[in-house]
Amino acid sequence: MPLRTRALLLDMDGTLIDSGPAVERSWAQLLPELGSTAEFTHDQHGRPARQVLQELVPHLTGAELEAAHDRIEQLEIENVQDIVTLPGTERLLRELDDATAQLGRPSWTIVTSCTRALFEARWATTGLPAPAHLVTVDQVERGKPAPDPYLLGAERLQVAASDTIVVEDSAGGLRSGQAAGARTIAVTSTTPAAVLSPLADALITSLDDIAITVDGDELVVSRR
């Protein structure tokens, strides 16, 4: 750093908010219901629920998979009482909104592996307005680690994915950003730095580590 870019594409869970305990509690309830002894680990964070189900409970039939997906969605929507906004989130989003006003164009959005309904349940706990151009997993054919979510996020901001920076806390999310052609910043909130480092152009411990300014037609991402 500093890194220059036209837009930031931000993951939500583990990057902007801490939903980790709620996620793990929901999966700890679901997996025994499905007769599985598998455990939900940091490897599954940041990935679409359907992918995780196929990996952890591979014997499910198509109908069983859909029922299990509906069940984990229900459990996660109900488990939002202890979700917290992570350090730096509110300040960084204010800086990005200021940048958007200065640039006269969108400069950021959220790209999440949540469905729209789950996003709304979790984001409501922050008290922050929902971003324009939001991308949720039910809007793409393939979720992270495929490039589709971040390609769509860049398209909605009307910039090339190669002109964006993806901010993520999970290996799957960073791989998604890389596959889309974006540069990546890894937040070491849920996954060990040693796992994330090979996938990132920069490492931070939280959004409190960085600040956003505008120079010309670009955002400048600097360490605080």
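Residues numbered from 1 in each chain as written. Predicted model: local features only at pLDDT ≥ 70, side-chain atom pairs only at ≥ 80, totals over all residues. Heavy atoms only, no water.

**Looking at the pairing of strand S2 (residues 7-10)**
And then number 1: Because side chains alternate across S2, one face comprises the buried residues Ala-7 and Leu-9, and the other comprises Leu-8 and Leu-10, equally buried.
And then number 2: Pairing analysis gives four bridges linking S2 to strand S6 (residues 164-168), with the strands arranged parallel. By the bridge assignment, Leu-9 is partnered in S6 with Val-166.
And then number 3: Taken together, the three bridges between S2 and strand S5 (residues 108-110) define a ladder with parallel strand orientation. Residue Leu-10 lies in a different strand from S5, and its bridge partner there is Ile-110. (Buried < 20%, exposed > 50% of the residue type's maximum accessible area, 1.4 Å probe, protein only. Helix = DSSP H or I, 4+ residues; strand = E, 2+ residues; numbered from the N terminus. Pairing = 2+ DSSP bridges.)

**Here we look at the sheet that holds strand S10 (residues 218-223)**
And then number 1: A sheet is described by the order of its strands in space; here three strands give the open sequence S1-S10-S9, paired in antiparallel fashion. In the strand order of this sheet, the two ends are held by strand S1 (3-5) and strand S9 (210-215), each with one partner. The sheet shows a mean angle of 30° between the axes of neighbouring strands, taken without regard to direction.
And then number 2: Relative to S10, S9 runs antiparallel, the two being bridged by six bridges. Among the inter-strand pairings, Val-214 is bridged to a residue of S10, identified as Leu-219.
And then number 3: Contacts from helix H4 (residues 89-103) reach S9 and S10 within the one sheet, and its direction differs from that of S9 by about 5°. (Axes fitted to C-alpha atoms, helices over the stretch in contact; angles between N-to-C directions. Contact = heavy atoms within 4.5 Å.)

**Some remarks on the pattern of salt bridges**
And then number 1: A complete count under the given rule lists 16 salt bridges for this structure.
And then number 2: Of the charged contacts in the structure, one is a salt bridge between Glu-218 and Arg-4, with a shortest N-O distance of 2.7 Å. A residue pair is termed long-range when its members are at least 10 positions apart, and Glu-218 in strand S10 and Arg-4 in strand S1 qualify at 214 residues.
And then number 3: Put simply, Arg-116 and Glu-120 hold a salt bridge, and the shortest N to O gap is 2.9 Å. Residue Arg-116 and its partner Glu-120 are both found in helix H5 (residues 116-123); the two are separated by four residues, about one turn of the helix.
And then number 4: On the basis of relative accessible area, Arg-116 is assigned to the partly exposed category, the value being 34%. (Salt bridge = Lys/Arg side-chain N within 4 Å of Asp/Glu carboxyl O.)

**Overview of helix H2 (residues 49-56)**
And then number 1: Turning to H2, its buried residues number three or more, namely Ala-49, Val-52, Leu-53 and Leu-56. Angularly, the buried residues of H2 cover 100° about the axis, an arc narrow enough to put them on a single face.
And then number 2: Contacts made by the buried residues of H2 are with helix H1 (20-33) and helix H3 (62-78). (Arc of directions from axis to C-beta.)

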